[in-house]
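Chains, contacts and geometry: an overview
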Amino acid sequence: MSEKMQTRMNIENLSLWYDKKQALIDVSMPVYDKKVTAIIGPSGCGKSTLLRCLNRMNDIINKCRVDGKIIFDGKDVNTKNADVVELRKKVGMVFQKPNPFPKTIWENIAYAPKIHGIKNKKKLDGIVEKCLKDAFLWEEVHDRLDLSAMGLSGGQQQRLCIARALSIEPEVILMDEPCSALDPIATAKIEDLIRILVKEYTVVIVTHNMQQAARVSDYTAYMYLGKLIEFGKTKQIFENPKEELTENYITGRFG
Amino acid sequence: MGVTFHSFIDWDHLRSFLTLKRFPLLFTFILSCLYAMIGFTCLATIAVLDQIVYFMLFLLGFISFFSTGILTCTINKKKSIRILVFAGILLLISFLTFVIPISINLSDIGFSASLSNQLILQVFLIAFGISGGILAISAMYNFSPIGSEKGAYLLIILCMLAVIYPLVIILFQVIVNGAPGITWEFLTEDVRDIGAEGGIFPAIVGTMVLMIIIIFVAIPLGVGAGIYLEEYAGEHIFVRMIKTSVSILRGVPSIVFGLFGLAFFAPIFGLSFLTGGLALSCYALPMIIRTSSESLKGIPNGLREGSYALGASKWQTIRRVILPPALPGIITGIVLGIGEAIGETAVIMFFATLSIRMPPNLFDSIASLPTHLYTLFVFRSYGTPEEVAQRTQNIWSTALVLLIIVLALNVIGLIIREKYRKEF
């Protein structure tokens, strides 16, 4: 059986320097449509750096230079002329540490649509409800939407951040170790959420938890010291790694 | 303070000192506190106590510490010897109170002042009160580590009291001396006879005018600069120079700002409210810039990233996500800056008068409460004894009015801050 795979994003020869230090060395890999792609590797290998390139978040870091192409919707978004705002509307991000705004739950979700021009309150209410439902948070907070988001638990805050990322209907969702600050039960809820989200969205997740990658993703990329060592179907990476470095990491010879 | 104080005073432990054998330790501690309080109050109010009083106090201290030392002999020999030595020193000083001359002339070593024995004895009271208190606490806890910790607590609380106490004394004196003079006529009448008669209405109006100028000039410039320095400026060395300059400016003496105003603003606006207001705004700016920067710095970076990731621009992020939680801090800075500025004399005293036209014209000479106070003080001994007395009364009353205005400003700032804090 052959799956007709669409490439949502394509990373071509991406290299990144923090000042003089090279953190990404010639990375090339595809991001397939409506699949979960996991990026794994030991600490400091460049996973988060690579992820942040996909929505140009590294722009805000001082003295950061990025070479190479990131093809999205047929255009290279890693150029000076690219519209970063449009890119970020289509490529959303969820961070390692939940970062809800110090506003009400409603305002957190309505923030992005408001910025991008939606002013109609009824429409905003609808968006808030849909996003909270998609993030499996509606049941828990629907009666206190005007309370501060800072009063939610860690797991709830992270789901709120996911709902917030969904509020502008992106096509790709980037997740930078979304569960590392959460307890196992909250983690399980988010992993379930990811498997449901991937039916509508493309997901790229960075994780240092190998088991999580194996559970949740369709494709896995293994990185080491800034280089992409191996990329392939998750099943193949974990059961039959081609590269020795990959095998060493998977089997826990080092981590 | 509620929690700290509660754990500082261990009521159950204290009850164990109400036995005859242990009572001297508690008494020693209370006596030490008394020493510090009496010494401080006398020092602050320049009170004169009879030599006999000092003698009795120090003698009592000797007896108290001596018995403490004897009682703690069995617990720790070294430490109790320290207490006995302390007691001995107190005995020595009690005799010295009769030996120290009433006034020591310092001209032998080159000063034209003389040192009063009151000053020396009061300083002794404070010093021995504090050190004795720490020793006493240590003894009360059998010289254990808990005792040292309580001793440290005591020191910290003393520092806090040392700051509050003089403030309370000053407030007390201003209120008690100034209140009798606050009449409706005082607040609404014009100045007459260089302040010997009439009221301070021009000064009040003048202070308000200056405050309005500062609000319109210093707040936008200061908060704007703070936002720029924190959010927009990069890591360039030029930026660091600006930040350092702002810090240094905060330490520049206010009279220099006055001269600056004379040199730069006076040629354009004359010796007027505009010049004074602009000079005062410059004085308030470093404080406002600094507190705005610090407030913005305190907002976690995760919020900025979260906003950018949703496609927001820098200004949208600042306006909607960063500024609201930073507002309490920024407002505090503004209130503090304005409060400092309107109490300032040196910046505007070169061109301040007592009386101004009504309604005030921005190009007129300035009247303000602090300069009014200063002028009255300079001229206080002119005229008949009644005029002098009235002027003295007016000096205190002017000070009280100024104090009330600054306090009101701070209270308003507090209310605004709390209102914003509640929303988050």
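In this text, all values refer to a predicted model and were calculated from it rather than measured experimentally.

1. Details of the overall build of chain B
Summing up its helical and strand segments, chain B has 17 helices and four strands in all. The dimensions of chain B, computed from C-alpha atoms along their principal axes, are 75 × 75 × 45 Å. Per-residue burial for chain B yields a buried fraction of 35% across its 424 residues. Put simply, 72% of the contacts in chain B that link residues at least 6 apart link residues at least 24 apart.

2. A closer look at the overall build of chain A
On a plain count of helices and strands, chain A comes out with 10 helices and 10 strands. Relative to a compact globule of 255 residues, whose C-alpha radius of gyration would be 18 Å, chain A shows 18 Å and is just as compact. Counting the 255 residues in chain A, one finds 45% classified as buried.

3. What about the environment of Asp134(A)?
Residue and element names in this part refer to chain A. Summarising the element assignment, Asp 134 is placed in helix H4 (residues 121–134). Residues Asp 134 and Ala 163, spaced 29 residues apart in sequence, show a C-alpha to C-alpha distance of 7.0 Å. Residues within four places of Asp 134 in sequence aside, it is in contact with Ala 163 and Leu 166.

4. Describing unusual backbone geometry
All names here are of chain A. Despite not being glycine, Lys 63 shows a phi value in the positive range, around 55°. Take Lys 63: it is sitting in the loop between helix H1 (47–54) and strand E4 (64–72). Even without a glycine there, the phi angle at Leu 225 is positive, about 50°. One can find Leu 225 in the loop between strand E9 (219–224) and strand E10 (227–233).

5. Points about the domain arrangement of chain B
Residue and element names in this part refer to chain B. Domain parsing of chain B yields domain 1 (2–178) and domain 2 (184–422). At the junction of the two partners, domain 1 supplies four residues and domain 2 supplies five residues. Looking at the side of domain 1 that touches domain 2 residue by residue, the classes come out as two nonpolar, two polar and no charged.

6. Let's talk about the environment of Ser167(A)
Residue and element names in this part refer to chain A. Checked against the element boundaries, Ser 167 lands in the loop between helix H6 (154–166) and strand E7 (172–176). When the 26 C-beta atoms within 10 Å are taken as the criterion, Ser 167 is described as buried. Sequence separation between Ser 167 and Asn 108 is 59 residues; the distance between their C-alpha atoms is 9.6 Å. The residues touching Ser 167, leaving out its near neighbours within four places in the chain, are Ile 109, Ala 112, Pro 113, Ile 127 and Cys 131.

7. Here we look at the sheet that holds strand E5 (residues 75–76) of chain A
Strand order in the open sheet formed by four strands is E2-E1-E4-E5 (chain A), and the pairing between neighbours is antiparallel. Looking at strand neighbours, the two that pair on one side only are strand E2 (21–32) and E5 of chain A, the edges of this open sheet.

8. Brief notes about the interface of chain B and chain A
Each side of the interface is counted separately: chain B has 16 residues, and chain A has 22 residues. In terms of residue count, helix H14 (residues 301–309) of chain B provides more of the side of chain B that touches chain A than any other element does, six residues in total. Considered class by class, the residues forming the side of chain B that touches chain A number eight nonpolar, six polar and two charged.

9. Some points on the packing of H6(A) against helix H7 (residues 184–197) of chain A
Residue and element names in this part refer to chain A. For the pair H6 and H7, interaxial distance at closest approach is 9 Å and the crossing angle is 20°. Relative to H7, H6 is oriented roughly parallel. Like other packed secondary-structure pairs, H6 and H7 cross with a definite hand, here right-handed. Along its contact with H6, which presents Gly 154, Gly 155, Gln 158, Arg 159 and Ile 162, the element H7 presents Ala 186, Lys 189, Ile 190 and Leu 193. For the contact of H6 with H7, the class distribution of residues is four nonpolar, three polar and two charged.

10. Topic: the sheet that holds strand E8 (residues 202–206) of chain A
Residues and elements named next belong to chain A. Judged by pairing direction, the sheet is mixed, and its six strands sit side by side in the order E6-E7-E8-E3-E9-E10 without closing on themselves. Among the strands making up the open sheet, the edge pair consists of strand E6 (91–94) and E10. Taking the axes of each pair of neighbouring strands and ignoring which way they run, one obtains an average angle of 15° across the sheet. Against the sheet, H6 engages E6 and E7, with an angle of about 170° to E6.

11. Description of the packing of helix H9 (residues 201–232) of chain B against helix H15 (residues 314–342) of chain B
Residue and element names in this part refer to chain B. Running from N to C, H9 and H15 cross one another at 140°; their axes reach a closest spacing of 9 Å. Accordingly, the angle class assigned to the pair H9 and H15 is oblique. Like other packed secondary-structure pairs, H9 and H15 cross with a definite hand, here right-handed. Across the interface between the two elements, Thr 207, Leu 210, Met 211, Ile 214, Ile 215, Ala 218, Ile 219, Val 223, Ile 227 and Glu 231 from H9 touch Lys 314, Ile 318, Ile 330, Ile 334, Gly 337, Ile 338, Ala 341 and Ile 342 from H15. By residue class, the composition of the contact of H9 with H15 is 14 nonpolar, two polar and two charged.

12. Some thoughts on the pairing of E8(A)
Residues and elements named next belong to chain A. Most of E8 sits out of view: five of its five residues are buried. Judged by which residues are buried, E8 turns out to be covered on both faces: Thr 202, Val 204 and Val 206 on one side and Val 203 and Ile 205 on the other are all buried. Of the strand pairs in this sheet, strand E3 (residues 36–40) and E8 are connected by four bridges, and their pairing is parallel. Note on E8: the bridge partner recorded for Val 36 is Val 203. With five bridges joining them, E7 and E8 adopt parallel strand pairing. Residue pairing in the sheet places Ile 173 in a bridge with Val 203 of E8.

Cut-off values and rules
Residues numbered from 1 in each chain as written. Chains lettered and ligands numbered in written order. Predicted model: local features only at pLDDT ≥ 70, side-chain atom pairs only at ≥ 80, totals over all residues. Helix = DSSP H or I, 4+ residues; strand = E, 2+ residues; numbered from the N terminus. Buried ≥ 20, exposed ≤ 12 C-beta atoms within 10 Å, placed from the backbone. Contact = placed C-beta atoms within 7 Å. Rg over C-alpha atoms; globule rule 2.2 N^0.38 Å. Domains from an automatic or database assignment. Nonpolar A, V, L, I, M, F, W, Y, C, P; charged D, E, K, R; others polar. Pairing = 2+ DSSP bridges. Axes fitted to C-alpha atoms, helices over the stretch in contact; angles between N-to-C directions. Parallel < 35°, antiparallel > 145°, perpendicular 65-115°, else oblique. Left-handed = near helix turned anticlockwise from the far one by under 90°.

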